[in-house]
Amino acid sequence: RKAILRWLDLEDVSPLSRNPLSYHDLVPNRAVRDGIEKARREAWFRYHKKRDEEEEEREERERREKDRKGKKKTKGGDKKSGGKSDGKDGDRDRDIDGKEASRDEG
């Protein structure tokens, strides 16, 4: 558009047909403008989608690294019991409703 307006500042004819042309004869090409807007929106969404995916991947890597480090610290379990439970530690088993359930010993 700028180039056309600059042309019309210097000349009063169409650069293609050489027929008389003025500013008032110019009509915006809405199809081209709409296509440009559509491409701009699609590019914006692609950029942000990719950025969000990369951010999620980075967060997942950080979670895995944190989990891995946490497992290293707790590897081997509880030092007092050697990581094993004898079932006589005072903990009560609970059924699906959260009520105490009897423990079969025998």
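Note that this is a predicted model, so its numbers are computed, not measured. (Residues numbered from 1 in each chain as written. Predicted model: local features only at pLDDT ≥ 70, side-chain atom pairs only at ≥ 80, totals over all residues. Heavy atoms only, no water.)

A. Inspection of the packing of aromatic side chains at higher detail. One pass over the full model with this rule turns up 1 aromatic pair. On the numbers, 5.1 Å between centres and 85° between planes, the contact of Trp44 with Phe45 is edge-to-face. (Phe/Tyr/Trp six-rings, centres within 6.5 Å; stacked < 30°, edge-to-face > 60°.)

B. View of the side chain of His48. By the secondary structure assignment, His48 is in helix H2 (residues 30-74). One polar contact links His48 to Arg51, side chain to side chain, over a distance of 3.2 Å. (Helix = DSSP H or I, 4+ residues; strand = E, 2+ residues; numbered from the N terminus. Polar contact = N/O pair within 3.5 Å; in protein donor to acceptor, adjacent residues only side chain to side chain.)

C. Representation of the pattern of salt bridges within the structure. What the rule picks out here adds up to 8 salt bridges. Note that Glu42 and Lys38 form a salt bridge whose closest N and O atoms lie 4.0 Å from each other. Taken together, the residues span about one helical turn, with Glu42 and Lys38 both in helix H2 at a distance of 4 residues. Across the pair Glu60 and Arg63 runs a salt bridge, and its minimum N-O distance is 2.8 Å. Highlighted residues: Glu60 and Arg63, both in helix H2, separated by 3 residues, approximately one helical turn. With a relative accessible area of 30%, Glu60 lands in the partly exposed category. (Salt bridge = Lys/Arg side-chain N within 4 Å of Asp/Glu carboxyl O. Buried < 20%, exposed > 50% of the residue type's maximum accessible area, 1.4 Å probe, protein only.)

D. Local environment of unusual backbone geometry. Unusually for a residue other than glycine, Arg18 sits at a positive phi of about 65°. Among the secondary structure elements, Arg18 is positioned in the loop between helix H1 (2-10) and H2.

E. Molecular detail of a negative patch on the surface. On the surface, Asp52, Glu53, Glu54, Glu56, Glu57 and Glu59 cluster together to form a negatively charged patch. One can find Asp52 in helix H2. Given a relative accessible area of 40%, Asp52 falls into the partly exposed group. (Patch = residues over 30% accessible without salt bridge, like charges linked within 9 Å, V, L, I, M, F, W, Y side chains within 5 Å. Areas by Shrake-Rupley, 256 points an atom, 1.4 Å probe, with all protein chains shown as cover. Lys, Arg positive; Asp, Glu negative; His and termini not counted. Charge placed at Lys NZ, Arg CZ, Asp CG, Glu CD.)

F. Layout of the environment of Ser22. Inspection of the secondary structure assignment puts Ser22 in the loop between H1 and H2. On the basis of relative accessibility, which here comes to 29%, the residue Ser22 falls in the partly exposed class. Residues Ser22 and Leu5, 17 residues apart in the sequence, show an inter-C-alpha distance of 9.4 Å.

G. Geometry of the side chain of Ser14. One can find Ser14 in the loop between H1 and H2. Overall, Ser14 belongs to the buried group, its relative accessible area being 13%.

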